[in-house]
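Structure assessment
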Amino acid sequence: MKLSVVLLCALVAVQAALLAAPSAEASGLKVGYYNKKCKGVEAVVKGHIIRAMKKNPRVGAALVRLVFHDCFVRGCDGSVLLDKSAQNPHPEKEAPANIGLAAFDILEMIKADIEKKCPGVVSCSDILVYAARDATKILSKGHINYVVPAGRLDGMVSSASEAQAELPDSTFTAQQLIDNFARKNFDVEELVILSGAHSIGMAHCSSFKGRLTAPADQITPAYRNLLNDKCGQRSNPRVVNNVRDEDYNTVSKYMPGFKSRVRKIRDLFDNSYYHNNLARIVSFNSDWVLMTHKEARGHVHEYADNATLWNDDFGESMIKLSKLSMPAGSKGGIRKKCSIVSHPLH
Ligand code: HEM
Ligand SMILES: *[C@@H]1O[C@H](CO)[C@@H](O)[C@H](O)[C@H]1NC(C)=O
């Protein structure tokens, strides 16, 4: 008897927690969503991100990629944050397309801190969206500064095969990239704008294998030699996405004409990706192929020519990305920990 009462209470609690997700159109997201519900939460996230990026500058790029990989798969629902469990042996994290994802520990730490302040109120998906926004602002020295709405729920589902099917691959052709983005209602221009995120961060050599032997009209031979050197040093090491972040000696050796562009501060988030792309010094096939498509190529020129325009448009596209919502009818809730589905009956 006592047990069944407990069970009943648990069931009611689950029903209350599992609100139906709003549809893509009526997202119900609001700027300042937590103003009353958990005052100061955006400042808490920001404080953590500033500290984390001081300790480990790699965190910023990881967060920018993570929000893309969360939002393109089942909407921005924190599904990418879930660990494998007995109930779910193959979460999104295991998808090959998710190689190298990081910053999960930072998000878990922020979540724990916020749970102390406002238990059961702030979703992990919102924390990720805020964190990526803050990282973007810091890495761009304040030039990319956008306001994102919140009010997302965390999803219950995370599937490696779904992530693999939804995320673009670095070997895609221009048309495959365009089709992939179109499924999420992003056009060619937005594909080009968001690809500019590859001005920061790193990639495993396995992510651009084909480029190591690609012909000179697809990749500048000097840059190809540089990549081959870096990739030959260990087994599948990581190399910086932007040659301007490469160490000075390596650039001097392979691309002496580029020496003056080596940056003192790594991961500066700017439009240099477009200049690199015009000069055929980008690592992924998916970056280079934008130059093979007339409209996309036009946008590469446009954003190379106007840094301010890219800063503004990138912010806009990140807001749009951050509004992608869960498939209609999906169950959502507020997790207790970002890596585990909060489900009292399990
Ligand atoms: C257009 C299709 C895209 C493809 C095919 C693609 C592919 C990749 C690949 C293969 C990596 C390297 C992963 C590794 O080897 O460790 C990477 C890194 C990265 N991507 Fe993309 N990406 C795309 C679009 C985007 C978008 C839209 C964003 C964000 C707005 C983004 C942000 C990043 C960042 C910041 C990194 C570096 C991550 C780090 O250093 O930890 N990418 N991408
Ligand atoms: C660059 O873009 C900004 C922002 O949209 C715009 O105000 C400015 O006029 C553009 N500059 C040029 C030279 O086209």
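As the structure is a prediction and not an experimental result, all values here were calculated from the model.

This part is about the overall build of the chain. Counting its regular elements, the chain contains 14 helices and 5 strands. Taken over C-alpha atoms, the radius of gyration comes to 21 Å for the chain, in line with the 20 Å a tight globule of 346 residues would show. When its C-alpha atoms are laid out on the principal axes, the chain stretches across 80 × 40 × 35 Å. When burial is assessed residue by residue, the chain has 44% of its 346 residues classed as buried.

Further remarks concern the site of ligand 1. Taken together, the neighbourhood of ligand 1 is formed by 26 residues, with Gly100, Ala197, Gly201, Ala203 and His204 sitting nearest. Of all the secondary-structure elements, those providing two or more residues to the shell around ligand 1 are α3 (58-71), α8 (188-195) and β3 (202-204). Among the elements that take part in the shell around ligand 1, α3 stands out by supplying 5 residues, more than any other. Inspection of the shell around ligand 1 shows a minimum of three residues originating in each of domain 1 (18-167 + 324-333) and domain 2 (185-320).

The UniProt entry lists Pro168 under the feature "binding site: substrate" (unreviewed entry), expressed in the numbering used here. If we skip the residues at most four places from it in the chain, Pro168 touches Leu177, Asn180 and Ser286.

Let's shift gears to α8. Restricting attention to buried positions, one finds in α8 the residues Glu190, Leu191, Val192, Ile193 and Ser195. Where the residues of α8 are buried, they touch α7 (174-182), α12 (285-288), α13 (294-305) and α14 (307-321).

We now examine the site of ligand 2. Within the structure, ligand 2 sits among Asn306, Thr308, Leu309 and Asp312. Taken together, the residues that form the shell around ligand 2 break down as 1 nonpolar, 2 polar and 1 charged.

Angle between the axes and distance between the axes: these two values describe a pair of packed helices. At a minimum axis distance of 9 Å, the contact between α8 and α14 shows a crossing angle of 105°. Taken together, the axes of α8 and α14 lie roughly perpendicular to each other. Here α8 contributes Glu190, Ile193 and Leu194 to the contact with α14, which in turn contributes Trp310, Asp313, Phe314 and Ser317. Considering only residue class, the contact of α8 with α14 consists of 4 nonpolar, 1 polar and 2 charged.

Within the largest apolar cluster, 87 residues are counted, with the highest numbers of intra-cluster contacts made by Leu63, Val67, Leu107, Ile127 and Ala131. Top element by residues in this core is helix α5 (residues 124-139). It accounts for 10 residues. Each of domain 1 (18-167 + 324-333) and domain 2 (185-320) gives at least three residues to this core.

The next point concerns the domain arrangement of the chain. In terms of domains, the chain is made up of domain 1 (18-167 + 324-333) and domain 2 (185-320). In this structure, domain 1 and domain 2 have C-alpha centres spaced 26 Å apart. Contacts between the two partners involve 15 residues from domain 1, matched on the other side by 15 residues from domain 2. Broken down by secondary-structure element, the contributors of at least two residues to the side of domain 1 that touches domain 2 are α3 and α5. The residue inventory of the side of domain 1 that touches domain 2, partitioned by class, reads 8 nonpolar, 6 polar and 1 charged.

What follows covers the packing of helix α2 (residues 41-55) against α5. Put simply, α2 and α5 touch, their axes get as near as 9 Å, and they point 55° apart. By the angle class used here, α2 and α5 are oblique. In this structure, α2 meets α5 at a crossing whose hand is right-handed. On α5, the residues that touch Glu42, Val45, Lys46, Ile49, Ile50 and Met53 of α2 are Ile127, Tyr130, Ala131, Asp134, Ala135 and Ile138.

Confidence along the chain averages 92 in pLDDT terms, with 91% of residues attaining 70 or more. Considering only residues more than four positions removed or in separate chains, one finds that residues 1-26, a stretch of pLDDT under 50, has 23 contacts.

Below, the discussion takes up α13. Here α13 contains 12 residues, and its C-alpha end-to-end distance of 17 Å stays within 8% of the 16 Å for a straight helix at 1.5 Å per residue. For α13, the set of buried residues is Ala296, His299, Val300 and Tyr303. For α13, the angular spread of the buried residues around the axis is 105°, confining them to a single face. On its buried face, α13 sits against α7, α8, α11 (272-278) and α14.

Backbone geometry places Asn185, a non-glycine residue, at a positive phi of 70°. Note that Asn185 resides in the loop between α7 and α8. For Arg280, which is not glycine, the phi torsion reads 55° and is therefore positive. In this structure, Arg280 sits in the loop between α11 and α12.

Next up on the list: the environment of Glu316. Relative to the helices and strands, Glu316 is located in helix α14. When the C-alpha positions of Glu316 and Gly332 are compared, they lie 26 Å apart, and in sequence the two are 16 residues distant.

Here we take up the environment of Ser286. Topologically, Ser286 is positioned in helix α12. Residues Ser286 and Ala131, spaced 155 residues apart in sequence, show a C-alpha to C-alpha distance of 26 Å. Excluding residues that lie within four positions of it along the chain, Ser286 makes contacts with Pro168, Ser170, Phe172 and Leu177.

Cut-off values and rules
- Residues numbered from 1 in each chain as written.
- Chains lettered and ligands numbered in written order.
- Predicted model: local features only at pLDDT ≥ 70, side-chain atom pairs only at ≥ 80, totals over all residues.
- Helix = DSSP H or I, 4+ residues; strand = E, 2+ residues; numbered from the N terminus.
- Rg over C-alpha atoms; globule rule 2.2 N^0.38 Å.
- Buried ≥ 20, exposed ≤ 12 C-beta atoms within 10 Å, placed from the backbone.
- Near = placed C-beta within 6 Å.
- Domains from an automatic or database assignment.
- UniProt positions renumbered as here; feature names shortened; annotations may be inferred.
- Contact = placed C-beta atoms within 7 Å.
- Nonpolar A, V, L, I, M, F, W, Y, C, P; charged D, E, K, R; others polar.
- Axes fitted to C-alpha atoms, helices over the stretch in contact; angles between N-to-C directions.
- Parallel < 35°, antiparallel > 145°, perpendicular 65-115°, else oblique.
- Core = buried A, V, L, I, M, F, W, Y, C linked by C-beta atoms within 7 Å.
- Left-handed = near helix turned anticlockwise from the far one by under 90°.
- pLDDT = per-residue confidence, 0-100.
- Expected span 1.5 Å × (residues − 1).
- Arc of directions from axis to C-beta.

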